[in-house]
Structures are given as structure tokens and as C-alpha cells.
Amino acid sequence: MTILPANTVFLVLLIPAGAAAVLAVLPGYRLSARLNVLASLLTLLSALLLFLGKPQPGAYLLVDDLNIVFIVLNTFVGFTTSVFSASYIAHELETGRLTPGHLRFYHAMYQAMMFGMNLALVANNIGLMWVAVELATLTTVLMVGIYRTPEAIEAAWKYFILGSVGIALALFGTILVYMAAQPVVGEGLDGMVWTVLIDHVAAFDPALLNLAFIFLLLGYGTKVGLAPLHAWLPDAHAEGPTPISAVLSGLLLNVALYAVLRFKMLLAAHPTAIAPGPLMAVMGLTSLLFAGLMLYRRRDIKRLFAYSSIEHMGIITFAFGMGGPLANFAGLLHMTMHSLTKSAIFFAVGHIAQVKGTQKIADIRGLTESHPVLGWGLVTGVVAIAGLPPLGVFMSEFLVVSSTFAREPLLAVPLVLGLLVAFGALLLRVQGLAFGEPTGSSAPIQASTVPMLGHLGLVLAAGVYLPPPLTAWFQHVAGLLG
Amino acid sequence: MNGLTFDVAHLLAGGLVLVSFMLLYQDRLYALLNVFAIHALVLSLSVAWQAFIQDAPHLYVTALIALLFKAIVIPVALHRIVARLGIHREIETVVGIGPTMLVGIGLVALSMVVMLRVTADADPLARQDLAFALSVLLLGLLMMVTRRNAVSQVIGFMSLEDGLVLAAAGAKGMPLVVEISVAFSILVAFIVIGVFLFRIRERFDTVDVHALDRFRGERL
């Protein structure tokens with residue numbers, strides 16, 4: 001086994017790492033914002049190159065049909081968010097919320113976070129994957145606290161404490177997996193290489209593996225934002241810069257979920273270990289119902305959509321927990337749609353909060369009149385995320401519900417209930433935000449709405465027509481997930 | 001000889017659990033920092049012993065890092081921060097010391113029951129080590145939830161990480177992770193000390209996390 005595959009996969013890691021180093025020393029925010037966009041674009045292109053030829057799995061890195069979906073989604077949303085971020089932070093600088101020094105730090109951290117997330121996605125070594133998730137967590141903690149307001153510091157502190165506890169539990173789970181593997185595959189590096197583990201998992205000690213999965217699910221589940229371990233998520237979303245809310249919701253939650261999925265595949269390949277599905281399904285449903293109810297009492301617009309992210313991560317976890325080709329397909333599709341839609345919503349929310357100077361829902365009214373593009377963009381995003389046709393989220397939610405009805409009709413009742421509760425709350429809120437007498441400033445925004453419109457366009461296109469190659473790819477991956 | 005190596009490993013890992021209990025009942029910050037230094041010292045001894053019996057030289061590095069950073073540098077640095085910032089020397093607890101200790105005993109019993117049952121076929125040494133490590137981890141968690149001061153929560157988190165290092169050292173031949181996890185725990189400690197405490201100090205007169213609760217965004 002070669003230590004490292006010399007291939008395009010390096011580019012996906014080296015570009016963000018190099019860019020982070022350059023941005024850390026580069027003064028002048030205009031240049032660094034552009035460089036940030038450029039680096040994100042190059043990372044996206046090199047991620048697309050992975051489709052051309054997948055490198056052989058090495059002891060540390062792995063590219064297979066499963067994680068390529070995650071990598072492309074990750075780098076794509078990373079790129080569009082960097083475009084959004086460029087116009088967002090210019091405004092923050094004008095209003096004096098951030099200084100040029102902060103921005104240098106911010107851009108370097110942005111690329112460091114992209115590096116961490118990409119590394120977590122391509123890691124073949126479960127220890128390396130853990131390190132990468134921790135790196136991504138630490139960089140986002142720093143960015144959540146960047147405004148230095150009391151609220152931001154509290155949010156960052158809470159995120160840091162809960163995230164670290166989660167990550168510590170995940171490391172303990174990782175050590176337990178190694179302990180289970182060690183008698184079978186021998187001591188040393190092989191005991192942590194995922195491709196080796198999956199080949200030999202049938203001979204592992206089931207009791208150890210079960211315990212390991214509990215720790216891993218709780219640990220990485222904290223990062224996914226599953227109830228009751230979600231407490232950090234709304235604060236971190238509300239108090240950090242909006243581009244970070246967009247990447248947190250759209251990407252970091254997916255990365256953590258990806259880690260859970262890898263270990264779920266391990267357990268599923270073992271004949272006598274506990275079935276990981278029901279655990280995930282229960283946590284997913286709990287998150288969905290809990291977040292659905294919590295949506296009603298939100299006064300802060302970013303918190304509202306943070307709870308909506310918990311809700312959707314619940315749905316996705318539930319779908320993967322149900323398992324089977326159809327539910328997995330629905331889960332993958334829903335994950336993609338949620339990432340695109342939620343980041344588009346946060347792009348809109350970021351511009352809205354800047355132009356209105358507030359995040360309080362009660363103080364924002366009549367957006368469709370004062371800012372037609374933003375207002376209707378937000379309405380479209382919310383309609384999409386609430387699961388109305390013809391947008392993409394409707395299709396994936398419909399698939400989740402119908403596959404649940406076909407297999408476990410009783411479980412479909414709380415699922416549909418949760419979806420309806422969340423649907424009601426979102427439409428109620430967006431009505432107040434978008435219509436009525438406009439309040440606050442009606443000054444036109446000086447920012448590009450292209451990232452938001454691009455995402456919404458993709459979601460709409462996916463809802464209307466999903467290209468057959470994409471469907472085939474998702475079906476193939478869903479089959480792999482078991 | 002085999003009996004002796006086992007007994008010493010057992011003694012050191014058990015000692016770590018004991019020091020974790022000592023962390024739980026400290027009510028003065030300086031005392032807490034001193035006990036944490038002992039915690040790290042016991043950890044480094046334990047890891048060094050594992051390095052000796054497993055004949056794994058890289059674990060000596062881990063032991064040395066634990067000794068230098070966790071037992072010396074971080075406690076000294078925290079001492080200075082506490083002194084310079086004029087943080088309250090008393091530790092405010094959410095729950096009384098008595099109930100906390102009882103819960104701690106319960107958690108240790110739980111981890112023994114769970115780990116020893118689950119790892120019935122594993123190497124006895126690794127098995128004991130893992131059970132102790134889980135106890136230390138859970139006690140660290142307990143400390144984090146029952147304390148209000150940011151500094152004592154950081155100590156709780158670092159004692160939790162000590163448990164993880166113990167587990168990783170006990171797992172025979174575990175690659176990479178020992179070094180990486182130690183490097184990360186140092187990074188974490190630096191970030192916490194450097195960024196958060198100073199930022200908190202910039203805005204508040206206290207490093208008591210409870211005081212931060214007043215600023216919750218949702219509360220009107």
C-alpha cells in the first residue's frame with residue numbers, strides 16, 4: 001500500500017492550505033477577498049477533476065463514489081459563499097463592525113476551515129478524519145467570536161465547549177474502533193484505515209463496535225446538531241458573520257454527518273452488531289419534532305433559520321437511519337438540496353440584516369416592496385425549505401415520506417407531523433418579513449445577489465428536472481450506503 | 001514480572017481517576033490548578049509506563065509533552081492569568097460538592113460495568129486502561145457541567161482530554177493519534193487561554209460564564 005496517492009486529491013487540500021497561509025500575511029482586504037474567491041474556485045475545479053480519475057485509496061486519503069458527492073457539494077458552496085462573503089464583509093468594514101486586521105484573520109480562517117472540511121471528507125484514516133473535524137470546529141469557533149460582542153463571545157464559548165465535548169466523545173469512539181480492529185488486522189496503521197476496516201469488519205468484536213458507535217454517534221451527532229445535543233447551533237449561527245452561518249449550515253453539518261455515515265457503513269457490514277439505523281432514525285425524528293416546535297418562538301431571523309437547519313439535519317439523519325436504496329437516495333438528495341437552499345437563505349438574510357441594521361424579525365417588514373430581489377429571493381428560499389413544490393426540497397422530502405410510509409407507516413406519522421409543524425412556522429414568519437408596510441432603510445443593496453439566485457436556480461432546476469446521470473449516481477451511492 | 005508491570009499500570013491509571021475526583025471537590029482556583037498539574041503528572045507517568053511495557057518509544061514523547069505542557073506550562077500560565085485578571089478565587093458550583101461526588105462515583109461505576117463487560121475478550125491491561133480512561137473522561141465532563149467559571153471549565157476539558165490520551169496510550173500500537181491528539185489539546189488550550197479569556201476580559205469584569213448568560217440574544 002502506498003502511503004499517499006499522488007493525484008488531484010492533493011489539490012483539493014493544498015489549495016486551501018496554501019491560500020490560508022498566504023491570506024494570513026496579506027494586508028488589504030480587497031485583494032484578500034478576491035484571492036479568497038479565487039482559491040475557492042480553484043478548489044472547486046480540482047474537486048471536479050476528481051470525477052475524471054479517482055486515485056487509488058492510500059493509507060491516509062480516499063476518494064470513492066460516496067465522498068466525491070460531499071466534496072463537490074462542499075467546494076461548490078464554499079466557492080459561492082466566498083463570493084457572497086466578499087460583498088458582505090466590505091459592508092461590515094464600512095459600518096465599523098470589523099477592522100482590516102480582523103478581515104485578514106477571517107480570510108485565513110475561511111480557507112483553513114475549507115481545508116479542514118475537505119480533509120475530513122477525503123480522509124481514509126479515522127484518526128485523520130477526527131483531527132480534520134476538530135480543525136474545522138476550531139476555525140469556526142474563532143470566526144463565530146469575531147465580532148467580540150458579549151453575545152458573540154458567549155456563542156463562541158458555548159460552541160467551543162459543546163463542540164469539544166462532542167469531539168472528545170468521537171475520539172473515544174475512534175479509539176474503541178481501533179481496539180475492536182486490533183486483534184483482527186494487527187497493530188499499527190492498518191487498524192485505523194477505513195478501507196481495511198470495512199474489509200475485515202465481520203470478524204470484529206461486536207460489543208466493542210456497538211459501544212464505539214454510540215460514542216461516535218453522540219460525538220459527531222453533536223456536530224451535526226441533533227437534539228438534544230444541538231444547544232450550540234442556534235447561538236453560533238446567530239452571532240457569527242452571516243457567511244459563516246451559511247457554511248456552518250450548508251457544509252459543516254454535512255461533514256459531521258458524513259463521519260457518522262462512514263461508521264454506520266462499518267456497523268452495517270457486521271453481521272451481529274446492533275443495527276445503527278434505528279438509533280439514527282430516533283435521533284433524527286427527535287430533532288425534527290423539537291426544532292419544528294422551536295421555530296414558532298424565534299425573534300431573531302438567523303436563529304429562526306438555524307433551528308430550521310436542525311430540523312432538516314433531523315430529516316436527513318432519519319432518512320439515512322431508515323436505510324435502503326430509496327431512503328438513502330432521498331437522504332442524499334435532501335442533503336444536497338438543503339445545503340443549497342439554506343446557504344441561499346443565509347445569503348439573503350445577510351444582505352437583509354445589513355441593509356435594515358437589525359436581525360429582529362419584528363423589525364423587518366415588507367421586504368418584497370423595499371428590496372424586490374432580496375425579498376422574493378427570501379420568499380422563494382423559505383418556500384423551498386418549507387418543502388413546497390416545484391422546488392427540489394419538496395421532491396426529497398416527498399421521497400423520505402413515501403419511503404417511510406412504504407416500510408414503517410407508524411413512523412411516518414411523527415415525520416409528517418414534524419414537517420407540517422415546521423412548514424406552518426416558516427410560512428407564518430416569512431409572511432411578516434416579506435409583505436406589509438416596509439420598515440427601516442429602503443436603500444438599495446450594493447452587493448451581488450448572484451450567489452443567492454444561482455443556488456435558488458439550481459434548487460428549482462433540480463425540483464423540475466433531475467438529470468439522469470445525477471440520478472444514476474445518487475442511486476449508486478445510495479446502494480453503497482446499505 | 002508480568003504481574004508487576006500490570007500492577008504498576010493499574011496503579012497509575014487508578015491514580016488518575018483518584019486525582020480526577022480531587023479536581024471535583026476543589027473550591028479555590030489556585031488549588032484547582034495545582035491539582036490539575038498533579039493530574040497531568042500522573043498521566044505522563046502512566047503514559048511513560050505504557051511506553052516502557054509496550055516498548056513503544058513514541059509514547060515517551062507523548063509523556064514528555066504531557067509533563068511539560070499540561071503539568072507545567074499551562075498551570076503556570078493559568079496562574080498568571082488568574083492573578084493578572086483578578087478573577088474571583090472561589091469556584092462557583094452549580095450543584096453542591098457532595099452530590100457531585102456521588103454522581104462521580106456513579107459515573108465511575110457505570111464506566112467499569114460498561115467497559116469491563118464489553119471488552120471481556122480483550123487484553124486485560126488494555127481493558128483496565130480503557131475502563132479507567134472512560135471514568136476520567138466522564139468525570140471531566142461532570143466537572144464541566146457543574147462549574148460556572150470559564151477557567152474551571154477549561155480545566156475540566158483538559159482533564160477530559162487526559163482521559164483520552166490514557167485510552168489512546170493503552171490501545172496497543174495505536175498509530176499517529178497520540179501525537180496528534182496531544183498537539184491538538186495544546187492548541188485547544190492555547191486558543192482558550194489566549195483568545196477567549198482575554199476577550200472575555202475585554203468586555204466583562206468576570207470570567208464567570210454565568211455572567212455571560214445575561215447577554216443571551218433571545219432574552220428581551
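Residues numbered from 1 in each chain as written. Chains lettered and ligands numbered in written order. Predicted model: local features only at pLDDT ≥ 70, side-chain atom pairs only at ≥ 80, totals over all residues.

Q: Hey, could you run me through the overall build of chain A in this one?
A: The helix and strand tally for chain A stands at 19 helices and zero strands. Scaling as 2.2 N^0.38, a compact globule of 482 residues should have a C-alpha radius of gyration of about 23 Å, and chain A matches this with 21 Å. When its C-alpha atoms are laid out on the principal axes, chain A stretches across 65 × 55 × 45 Å. For chain A, with 482 residues in total, the buried portion stands at 62%. Once local pairs closer than 6 in sequence are excluded, the contacts in chain A between residues at least 24 apart make up 82%. (Helix = DSSP H or I, 4+ residues; strand = E, 2+ residues; numbered from the N terminus. Rg over C-alpha atoms; globule rule 2.2 N^0.38 Å. Buried ≥ 20, exposed ≤ 12 C-beta atoms within 10 Å, placed from the backbone. Contact = placed C-beta atoms within 7 Å.)

Q: When you look at the overall build of chain B in this model, what are you seeing that I'm missing?
A: Each helix and strand in chain B was counted, giving eight helices and zero strands. Across the 220 residues that make up chain B, the buried fraction comes to 48%. Sequence-distant contacts in chain B: of pairs separated by 6 or more residues, those separated by 24 or more amount to 72%.

Q: When you look at the nonpolar core in this model, what are you seeing that I'm missing?
A: Within soluble globular proteins, side chains that are nonpolar generally end up buried alongside one another. Residues and elements named next belong to chain A. Formed by 252 residues in total, the largest nonpolar core has its most connected members in Ala120 and Val255. Per-element accounting of this core gives the leading share, 24 residues, to helix 6 (residues 150-185). Beyond its immediate stretch of four places on either side in the chain, Ala120 contacts Met129, Ala132, Val133, Ala136, Val255 and Ala259. (Core = buried A, V, L, I, M, F, W, Y, C linked by C-beta atoms within 7 Å.)

Q: Could you clarify how one ought to interpret the packing of helix 6 of chain A against helix 8 (residues 206-224) of chain A in this entry?
A: A packed helix pair is summarised by two numbers, namely the angle formed by the two axes and the spacing between the axes. Residues and elements named next belong to chain A. Direction vectors running N to C along helix 6 and helix 8 enclose 155 degrees, while the axes themselves pass 7 Å from each other. The orientation of helix 6 with respect to helix 8, classified from their angle, is roughly antiparallel. The chirality of how helix 6 crosses helix 8 is left-handed. Of the residues contributing to the contact of helix 6 with helix 8, the split by class is 18 nonpolar, five polar and one charged. (Axes fitted to C-alpha atoms, helices over the stretch in contact; angles between N-to-C directions. Parallel < 35°, antiparallel > 145°, perpendicular 65-115°, else oblique. Left-handed = near helix turned anticlockwise from the far one by under 90°. Nonpolar A, V, L, I, M, F, W, Y, C, P; charged D, E, K, R; others polar.)

Q: Is there a simple way to explain unusual backbone geometry in this structure?
A: For residues besides glycine, phi is generally negative; the peptide bonds are generally trans as well. Residue and element names in this part refer to chain A. Cis geometry is adopted by the peptide bond preceding Pro228, which originates at Ala227 and carries an omega value of 5 degrees. Looking at the secondary structure, you find Pro228 in the loop between helix 8 and helix 9 (232-239). Put simply, Pro389 and Pro390 share a cis peptide bond, and its omega is 5 degrees. Mapping Pro390 onto the fold places it in the loop between helix 15 (372-386) and helix 16 (392-407).

Q: I'm lost on the confidence of the model for chain A in this one. Help?
A: Interpretation of this model should avoid reading the predicted coordinates in detail wherever pLDDT is low. Residue and element names in this part refer to chain A. Taken residue by residue, chain A gives an average pLDDT of 88. The fraction at 70 or more is 99%. Within chain A, helix 12 (residues 301-322) carries the highest mean pLDDT (93), whereas helix 6 carries the lowest (85). Note on residues 1-5: pLDDT is under 50 here. Beyond four places in sequence and across chains, it has twelve contacts. (pLDDT = per-residue confidence, 0-100.)

Q: Can you help me understand the packing of helix 3 (residues 65-94) of chain A against helix 13 (residues 324-356) of chain A in this one?
A: Residue and element names in this part refer to chain A. Remark: helix 3 packs on helix 13, axes separated minimally by 11 Å, with the N-to-C direction vectors making an angle of 5 degrees. Judged by the angle between their axes, helix 3 and helix 13 are roughly parallel. Contacts between helix 3 and helix 13 involve Val69, Leu73, Val77, Thr80, Thr81, Phe84, Tyr88 and His91 from the first element and Leu332, Thr336, Ser339, Ser343, Phe347, Gly350 and Gln354 from the second.

Q: It is not clear to me how helix 10 (residues 242-268) of chain A should be interpreted in this structure. Could you clarify?
A: In an α-helix there are 3.6 residues to a turn, and that puts residues three or four apart on one side. All names here are of chain A. Spanning 27 residues, helix 10 covers 38 Å between terminal C-alpha atoms, matching the ideal 39 Å at 1.5 Å per step. The largest bend in helix 10 comes to about 40 degrees, at Leu248. Counting buried positions along helix 10 gives 25 out of 27 residues, so the element sits mostly inside the fold. (Expected span 1.5 Å × (residues − 1). Bend = angle between axes of the 7 residues up to and from the residue.)

Q: How should I be thinking about the environment of Phe329(A) in this particular structure?
A: Residues and elements named next belong to chain A. Take Phe329: it is sitting in helix 13. Classification of Phe329 as buried rests on a count of 23 C-beta atoms within 10 Å. Each C-alpha atom of the pair Phe329 and Leu257 lies 15 Å from the other, and the pair is 72 residues apart in sequence.

Q: Even after reading the chapter, I still don't get the environment of Ala434(A), so can you show me in this structure?
A: All names here are of chain A. As for its placement among the helices and strands, Ala434 is situated in helix 17 (residues 409-434). Of the residues examined, Ala434 has 21 C-beta atoms within 10 Å and is grouped as buried. In the structure, Ala434 is positioned 84 residues away from Gly350 in sequence and 15 Å away in space, judged by C-alpha atoms. Discounting chain neighbours no more than four positions away, the residues touching Ala434 are Leu367, Thr368, Gly375, Leu378 and Val379.

Q: What am I meant to see in the environment of Gly375(A) here?
A: Residue and element names in this part refer to chain A. The residue Gly375 is located in helix 15 in this model. On the basis of neighbour counts, which here come to 22 C-beta atoms within 10 Å, the residue Gly375 falls in the buried class. With 26 residues separating them along the chain, Gly375 and Val349 place their C-alpha atoms 9.5 Å apart. Beyond its immediate sequence surroundings of up to four residues, Gly375 is in contact with Leu367, Thr368 and Ala434.

Q: Looking at this model, I keep getting lost on the confidence of the model for chain B. Mind explaining?
A: Residues and elements named next belong to chain B. Mean pLDDT over chain B stands at 79; residues scoring 70 or higher make up 78%. Helix 8 (residues 209-212) is the least confidently modelled element of chain B, averaging 54 in pLDDT, while helix 2 (residues 29-54) averages 91, the highest of any element. Considering only residues more than four positions removed or in separate chains, one finds that residues 215-220, a stretch of pLDDT under 50, has ten contacts. Predicted complex metrics record ipTM = 0.85 and pTM = 0.90.

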